[in-house]
Amino acid sequence: MKKSSEQFRVWLEKLKSAKHSYQKKGIRPTRDWNIMLVTSFVISLFVAIYAVFFYYQINNKSIFQVERVEDQSATGINRPLLDAVVKDIDYRTMKFVELDSGNVVKIDPGV
């Protein structure tokens, strides 16, 4: 146990005393930008390849296949409820037009 704790302590000291990486080679923004651009290009290339592969899998009907099931229980429309909803919508439209045109009698609360 003592040996492993000593190894851990030595490893921790190495991490603390590590020098900065730019001291050896200097700061070169061109190199950093090249690394970022190449990495971005490679990632974009992988994404494009995956997108094309995924497109062909869907186009060849290898994935995302849905079997159409005929609906055996036909649901009818509740006609009285539909008529009530249409009547309410017409009433609201009429009231909106009334308010918009300004034909509303305003009641004075002070009278």
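Everything in this summary refers to the structure shown in the same document. This is a predicted model, so every value here is computed, not measured.

What counts and how
Residues numbered from 1 in each chain as written. Predicted model: local features only at pLDDT ≥ 70, side-chain atom pairs only at ≥ 80, totals over all residues. Heavy atoms only, no water. Phe/Tyr/Trp six-rings, centres within 6.5 Å; stacked < 30°, edge-to-face > 60°. Helix = DSSP H or I, 4+ residues; strand = E, 2+ residues; numbered from the N terminus. Buried < 20%, exposed > 50% of the residue type's maximum accessible area, 1.4 Å probe, protein only. Patch = residues over 30% accessible without salt bridge, like charges linked within 9 Å, V, L, I, M, F, W, Y side chains within 5 Å. Areas by Shrake-Rupley, 256 points an atom, 1.4 Å probe, with all protein chains shown as cover. Salt bridge = Lys/Arg side-chain N within 4 Å of Asp/Glu carboxyl O.

For the rest of this paragraph, the subject is the packing of aromatic side chains. A complete count under the given rule lists three aromatic pairs for this structure. Ring centres 5.7 Å apart and planes at 20 degrees place the aromatic pair Y50 and F54 in the stacked group. Here the residue Y50 and the residue F54 both occupy positions in helix α3 (residues 29-59), the gap between them amounting to four residues, near one helical turn. A relative accessible area of 30% places F54 in the partly exposed class.

Its identity is not glycine, yet K61 carries a phi of approximately 60 degrees, on the positive side. Positionally, K61 belongs in the loop between α3 and α4 (79-101). We classify K61 as exposed; its relative accessible area is 59%.

Right, let's talk about a nonpolar patch on the surface for a bit. There is a patch of nonpolar side chains on the surface, built from V38, F41, V42, L45, F46 and I49 and spanning about 610 Å² of accessible area. Within the secondary structure, L45 is located in helix α3.

Right, let's talk about the pattern of salt bridges for a bit. All chains considered together, the criterion is met by three salt bridges. Ionic pairing is found between R31 and D32, a salt bridge with its closest N-O pair at 3.7 Å. For R31, a relative accessible area of 27% corresponds to the partly exposed category. Across the pair E98 and K95 runs a salt bridge, and its minimum N-O distance is 3.7 Å. Here the residue E98 and the residue K95 both occupy positions in helix α4, the gap between them amounting to three residues, near one helical turn.

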